[in-house]
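Below are the chains, spelled out letter by letter.
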Amino acid sequence: MADPVISLSKVTKRFGPVWANREVDLDLFPGRVHALLGENGAGKSTLMSILAGRYSADGGTMMMHGREVSFNSPAKALDHGIGMVYQRFMLIESMTVSENLALSAGKAHGRTGIDQVIHQTAERYGLGVDPEKRVFELSMGERQRVEIIKLLMLDAEVLIFDEPTSVLTPPEVDALFEVIDQLRAEGKTIVLITHKLEEVLKLADDISIMRKGRLVFSERIDARQMSRQQLARLMVGRDVVLRVDKKEVAVGETILALQGVSGDSPLGGPSYTDVTLEIKQGEIFSIIGVAGNGQVGLVSAITGLSQARSGTITFDGATYNAREWRMASREKIAYVPEDRYHSGSIGAMSIADNFALTRLAAYRSGMAGMVLDREKMAADGTRAIRDHNIKVESSEDSAGSLSGGNLQKVILARELTRNAKLFVAEQPTQGLDISATEEIWRALLECREKAAVLLVTGDLKEVLSLSDRIGVIFNGRILEIIDAHDSDQVDRVGLLMAGVRT
Ligand SMILES: Nc1ncnc2c1ncn2[C@@H]1O[C@H](COP(=O)(O)OP(=O)(O)OP(=O)(O)O)[C@@H](O)[C@H]1O
Ligand SMILES: [Mg+2]
């Protein structure tokens, strides 16, 4: 057995009262993919951010090739060949790919040679991306490729991927896995943080599981021999089947109807064309498609973040043109946006304040409603934390300190209490662990007893588990609307997502 490239010993990290990592021992070996698993908030990203020099540990040691190392910055870690692709990419959006890469790797290659090195690296690993494009024009998959090229240009020996597939389309996932396979074959040391058991079973050579800051399981096992069930039990300490009971709910009146709605995405993304659909009280209507097929623009028109170009929208019996709907929409519908960091919450504010964000009217008091009832806000925040099993110390903690899963639960709890007639959830379980996913699925099903639910996701499993009807979007058009209770029809969803009509 080869010697470990990295050995962590008793690594400890605290954020105030929270022990993000507690005396963690971990060995990483060359030519192997090490899956790091655990519930939301377990401490996975923190541990790997310490290894990658973004945080410094409060205790413990790190050895690389048998020598003790410590990094006070990501650049220092990269000098040693350790790099991380973060959950949120670290690129400057207004700059081109080539400029971004020159910033980090320019020193090693010189400004003029850089395009050639980008080209060679991209070629060698099949990481195609146009160096002249600005980052904001790139899909999430392309941005990730830029991050990977960055590490490879700097000769990284240890590559850490933090939930790399949560923003990718299925073909992009396959391409990433091929890159990871190639890196493993070249003897690189790979860490893969993920919540998706299929990925672990497909890729991992070694598995470690964290719970509440501690490493509770670490073994060299042939993951490919394990079952989903075994893995799930190891991860959450109980059986999780990721299946929810769907109660029969009587379908009621139409809440939202779109008639010939067309428009563009707010950021110049793909457009949507002639969309006609209706969503009824008591049903979960899903829009599924591979990312980049117009769903982002369509949802932004429905939620009033942007204005459709043409078509009419009927909500609860009243009909609006695109402009009128944009003004009216926000107070009428509850919305859990895809980007929970930028549009869903304000990181610097407390959880209680974030919880009140879209419902401020409920807290107005004092003369002319100029004062906010902070006591009530704090009490509601605390109750939401309890009801939704959100793991934090206090509702006064900042939202920015929450793990991805817990932040999503805060946003979901907030929107659920608005008691809107339409609830729109966009990629609601992206990045969430399996128990949080189960909780959110249950919440959405419960929501359908009181409201109409629009679910927008790229996750086929999620759609099949929850939906009553499914609209498949391709190239900006709803190709077909399928009854999710008709199993013969449901089998066609995957093909329709690829634009194939049979
Ligand atoms: N910058 C920070 N400030 C304060 N607390 C933090 C910070 N970063 C993480 N924490 C806390 O440390 C703990 C571990 O968080 P971490 O992000 O490492 O979890 P994770 O396992 O990556 O979770 P997820 O699966 O949701 O990404 C959590 O309780 C989190 O709230
Ligand atoms: Mg994380």
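**Considerations on the sheet that holds strand E12 (residues 272–280)**
- The 4 strands are arranged E12-E11-E14-E15 in an open sheet whose pairing can be described as antiparallel. Every interior strand has two partners, whereas the edge strands, E12 and strand E15 (318–321), have only one. Strand-to-strand, the axes of this sheet are offset by a mean angle of 10 degrees, without reference to chain direction.
- The strands that helix H10 (residues 322–332) touches are strand E11 (254–263), strand E14 (310–315) and E15; relative to E15, the one it contacts most, it runs at about 125 degrees.

**Observations concerning the layout of surface pockets**
- Quantified by volume, the second largest pocket comes out at close to 1300 Å³.
- Lining the second largest pocket are 42 residues, and of these Gly41, Thr46, Ser401, Leu402 and Ser403 lie nearest its centre.
- For the lining of the second largest pocket, the secondary structure elements donating two or more residues are strand E2 (18–28), helix H1 (44–51) and helix H13 (404–416).
- In terms of residues, the lining of the second largest pocket owes the most to one element, H1, which gives 4 residues.
- Grouping the amino acids of the lining of the second largest pocket by side-chain chemistry returns 15 nonpolar, 17 polar and 10 charged.

**As for empty space enclosed by the protein**
- This structure, assessed with the given rule, holds 1 cavity of 30 Å³ or more.
- Taken together, Gly126, Leu127, Gly141, Gln144, Arg145, Ile148, Leu168, Glu172, Ala175, Leu176 and Val179 make up the lining of the largest cavity.
- Taken together, the elements giving at least two residues each to the lining of the largest cavity come down to helix H5 (140–153) and helix H6 (170–185).
- Of the residues belonging to the lining of the largest cavity, the class tally is 6 nonpolar, 3 polar and 2 charged.

**Let's talk about the sheet that holds strand E19 (residues 422–426)**
- Read from one edge to the other, the open sheet built from 6 strands follows the order E16-E19-E20-E13-E21-E22, with strand pairing classed as mixed. Here the strands that pair on one side only, and so sit at the sheet edges, are strand E16 (333–336) and strand E22 (477–483). Direction aside, neighbouring strands of the sheet carry axes that sit 15 degrees apart on average.
- In the sheet, strand E13 (residues 284–288) pairs with strand E21 (residues 469–474) via 4 bridges, with the strands oriented parallel. Bridged to Phe285 within E21 is Arg469.
- In the packing of H10 onto the sheet, contacts are made with E16 and E19, and the angle to E16 comes to roughly 80 degrees.

**A short note on the domain arrangement of the protein**
- Under the domain assignment used here, the protein contains domain 1 (6–236) and domain 2 (254–497).
- Here domain 1 and domain 2 have C-alpha centroids that lie 30 Å from each other.
- For the domain 1 face of the interface with domain 2, the top three residues by lost area are Asn40, Arg88 and His195, together amounting to 36%.
- Between the two partners, domain 1 and domain 2, sit 0 salt bridges.
- In terms of residue count, helix H8 (residues 228–236) provides more of the side of domain 1 that touches domain 2 than any other element does, 3 residues in total.
- Looking at side-chain class alone, the side of domain 1 that touches domain 2 contains 6 nonpolar, 6 polar and 4 charged residues.

**Thoughts on the pattern of salt bridges**
- According to the stated counting rule, one finds 20 salt bridges in the structure shown.
- Across the pair Arg143 and Glu93 runs a salt bridge whose closest N-O atoms are separated by 3.2 Å. Residue Arg143 is found in helix H5, and its partner Glu93 is found in the loop between strand E6 (82–85) and helix H3 (97–109); the two are separated by 50 residues along the sequence.
- As a salt-bridge pair, Lys409 and Glu439 come within 3.8 Å of each other at their nearest N and O atoms. With a gap of 30 residues between them, Lys409 in helix H13 and Glu439 in helix H14 (residues 434–447) connect regions that are remote in the sequence.
- Under the relative-accessibility criterion, Lys409 is labelled buried at 5%.
- One network of salt bridges, with partners in common, ties together Arg32, Asp206 and Arg220.

Criteria and cut-off values
Residues numbered from 1 in each chain as written. Chains lettered and ligands numbered in written order. Predicted model: local features only at pLDDT ≥ 70, side-chain atom pairs only at ≥ 80, totals over all residues. Heavy atoms only, no water. Pairing = 2+ DSSP bridges. Helix = DSSP H or I, 4+ residues; strand = E, 2+ residues; numbered from the N terminus. Axes fitted to C-alpha atoms, helices over the stretch in contact; angles between N-to-C directions. Contact = heavy atoms within 4.5 Å. 1 Å grid on protein atoms, 1.4 Å probe; cavity = no way out; pocket = protein on both sides within 12 Å on 5 of 7 lines; lining within 4 Å. Points joined across faces, edges and corners; volume = space filled by probe spheres on them. Nonpolar A, V, L, I, M, F, W, Y, C, P; charged D, E, K, R; others polar. Domains from an automatic or database assignment. Buried area = accessible area lost by both parts, 1.4 Å probe. Salt bridge = Lys/Arg side-chain N within 4 Å of Asp/Glu carboxyl O. Buried < 20%, exposed > 50% of the residue type's maximum accessible area, 1.4 Å probe, protein only.

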